[in-house]
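Structural description and commentary
Take a look at the letters that make up each chain.
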Amino acid sequence: MKLSEDGKMQRNRKSSRCGCRAYMRIVKRADFNVPEWRVTAFSNIHNHELLKANEVCLLPAYCTITPDDKARICMFAKAGMSVRQMLRLMELEKGVKLGCLPFTEIDVRNLLQSFRNVNRDNDPIDLIAMCKKLKDENPNFQYDFKLDGHNRLEHIAWTYALSVQLYVSFGDAVIFDTTHCLDAYDMLLGVWVGVDNHGMTTFFGCVLLRDENIQSFSWGLKTFLGFMKGKAPQTLLTDQNMWLKEAIAIEMPETKHAFSICHIISKFSDWFSVLLGSRYDDWKSDFYRLYGLELLEEFEEEWREMIDKYGLHDNKHIISLYALRTFWALPFLRPYFFAGLTSLCQSETTTTFIQRILSAQSLLDRFVEQVAEVVEFNDRGSKQKQPRKSQKVCLKTGSPIESHAATVLTPYAFGKLQEELLLAPQYASFVVDEGCFEVKHHTQMDGGCEVICVLCEEQISCSCHHFEFSDPYLPSRWRLNSSSSINPLSNATRQHSEKIQLLESLTSALIAESIETKERLDVACEQTAMVLSRIKDLPRTTQSANDIVYNCPSDLILPEVEDTDGIVQSFTMGTSHEPLTSGKLKDRRPRDGIDITRKRRHYSDSCCGHFEHDSSDCPMMEGDNLNGDALGYI
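Small disclaimer: the values here were computed from a predicted structure and weren't measured. (Residues numbered from 1 in each chain as written. Predicted model: local features only at pLDDT ≥ 70, side-chain atom pairs only at ≥ 80, totals over all residues. Heavy atoms only, no water.)

Our focus in this paragraph is the sheet that holds strand 8 (residues 187-195). With mixed pairing, the seven strands of this open sheet are ordered in space as 5-6-9-8-7-10-11. The open sheet is flanked by strand 5 (142-147) and strand 11 (256-259), the only strands paired with a single partner. This sheet shows a mean twist of 20 degrees between the axes of neighbouring strands, independent of strand direction. Two elements, strand 8 and strand 9 (residues 201-209), share eight bridges in a ladder whose sense is antiparallel. What sits directly across from G194, in strand 9, is T202. Packed on one face of the sheet, helix 5 (residues 161-170) meets strand 5, strand 6 (153-159), strand 7 (173-182), strand 8 and strand 9 and runs near 120 degrees to strand 9. Sheet contacts for helix 7 (residues 242-251): strand 7, strand 10 (235-238) and strand 11; angle to strand 11, the most-contacted strand, approximately 170 degrees. (Pairing = 2+ DSSP bridges. Helix = DSSP H or I, 4+ residues; strand = E, 2+ residues; numbered from the N terminus. Axes fitted to C-alpha atoms, helices over the stretch in contact; angles between N-to-C directions. Contact = heavy atoms within 4.5 Å.)

So, in structure tokens, the structure goes:
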């Protein structure tokens, strides 16, 4: 025992520097774009005695303070007790010897410092005050919270007006990331994100949970659904958390729940590297190949072969992975739309986005506002990167579909479509039966995919399910005129955002209900024409054009398109009276003998090298019975 200057006894500690040659060398590797740590050398030769079993708890890695102890330390701090007095009192309460608590004086001082960072008493209830302030400033801001029996904050969730608006268009495929913790509040952080029509990560909401259990996750899910007017996502991607899995099954029974493959892969090194040794890399390559298979039968057969090859029949992790295969293996997920969120690249982008949110902890007194700034910066950044009037797109196939797609899709979505168009000539189709085709690559002698085309319902499906997985019919979520094009800073838009969302919903419902029968369609066209005529008779606003941005401007200026010869082509589409589709992009054909008249879309040399004609008399269309409307839908 050492004596301090004031004569008090100090706790004895082992020296941390004694020339010991024991060591462990660790190297970071990045196979398949997934970083992992490898132990490459180890020596267990010591030149000193080792700690006793009851002393190991004093090592920094083992120093833990339970939530109950944190609460008592917080109470002692409020009472004005010194750190030494706190430690002595807790030693007496627990009946342990001097210096035998599972944490040290430094640990307590660090904890108290984190309390002060949060604001005096480590009372996260200040978050409620932050949210109330934002709600007063903007009525469209939404938040909810729950207090425990001691009037302490148990859960809190919030979302922003822009996030709710974006969710209407891009809330079909969502990631709920719960792998991070807000250290200063000692609460689990859950972040709802998705991907917009430019392929950029978009923010939907935040939740802080005190505990990690089914009840907490259920509260977070129900609160989020309340923010989004009860609209659940079609697909939801999360970490492999069994409590969260159970909560989603209860609160979102119609949503397809899947596990992020990146989170699963990050655990492989701990699970299999020592077990498999030098065969670990080969096993991981085999696993990746299995993960990306197309057919369920192939997956089941090759999974059994992999188990036999590496002798993993009794491994608990392999048994668990197989039992949960419908949550992570692509052969089971392809029938569902995930908007590309399952890719490793998108996962890295999402992680970077969430790290920016976590960086807001540096200003905890403005945490909710800081998160708002991160979200709005991301949204503005996506638009700054897409200058619509000056963006040039290179046409590569000369296909009318490609020309039209360049005018209505974002550059991100158009690039994806263009990749498929370039690959299309490599495949051939063979008629098997009425409405059934076999499609195969030109190098394939056997096999191929079975494509079913139901003309009367205008539906197409494929046995490989790539169609459903990537995005059937490229719906309106990938278009240039998606709801994200509304200026989030527009005062008029903020004031009328709920009415605008209601009008969009009513329009979608009107179209869906009207196309069922001829009578319904006649009534819808007649009544809609009357409403439109009445609206035109109303006086127009005197606001400047810069104050409000509409989804359907009278002259929609589309991006310049450059073909492979370097000729720039400009497109102007439609008028303010021409409706834009919502939902699947389908070929508009008359139903039940009805001729649905539409204004003609004019193309300035967009379909061929001839000038001064539109798509109705284009020489390229004469033999195909195509017109401007047919070009508008894939």
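Tallied over the entire structure, the rule returns 19 salt bridges. E93 is paired through a salt bridge with R72; the nearest N and O atoms lie 2.6 Å apart. Of this pair, E93 sits in helix 2 (residues 83-94) while R72 sits in helix 1 (residues 67-78); the two residues are 21 residues apart in sequence, bridging distant segments of the chain. Given the relative accessible area of 43%, E93 is considered partly exposed. One salt bridge connects K133 with E369, and the closest N-O pair in it is separated by 2.7 Å. Note that K133 is positioned in helix 4 (residues 126-137) and E369 in helix 15 (residues 367-384), a separation of 236 residues in sequence. Where salt bridges share partners, they join R29, E36, R38, D281 and K284 into one cluster. (Salt bridge = Lys/Arg side-chain N within 4 Å of Asp/Glu carboxyl O. Buried < 20%, exposed > 50% of the residue type's maximum accessible area, 1.4 Å probe, protein only.)

Here the focus is the confidence of the model for the protein chain. When the pLDDT values of the protein chain are averaged, the result is 74; 71% of them are 70 or greater. The element-level mean pLDDT for the protein chain is lowest in helix 22 (residues 628-631), coming to 32, with helix 6 (residues 214-227) highest at 95. Residue range residues 484-494 is modelled with pLDDT below 50. Its contacts to residues more than four positions away, or to other chains, number 29 contacts. (pLDDT = per-residue confidence, 0-100.)

The next subject is a negative patch on the surface. Together, E294, E297, E298, E301, E305 and D308 make up a negatively charged patch on the protein surface. The exposure class assigned to E294 is partly exposed, which follows from its relative accessible area of 32%. (Patch = residues over 30% accessible without salt bridge, like charges linked within 9 Å, V, L, I, M, F, W, Y side chains within 5 Å. Areas by Shrake-Rupley, 256 points an atom, 1.4 Å probe, with all protein chains shown as cover. Lys, Arg positive; Asp, Glu negative; His and termini not counted. Charge placed at Lys NZ, Arg CZ, Asp CG, Glu CD.)

All right, on to the nonpolar core then. Counting residues in each nonpolar core, the largest one holds 81 residues, and the members touching the most others are W158, F268, W283, W303 and W328. Residues within four places of W158 in sequence aside, it is in contact with C131, F141, Q142, Y143, G205, C206, L208, F227, F367 and V368. In terms of nonpolar packing, the next biggest core, distinct from the first, is built from 25 residues, V164, F204, L236 and M252 among them. (Core = buried A, V, L, I, M, F, W, Y, C linked by side-chain atoms within 4.5 Å.)

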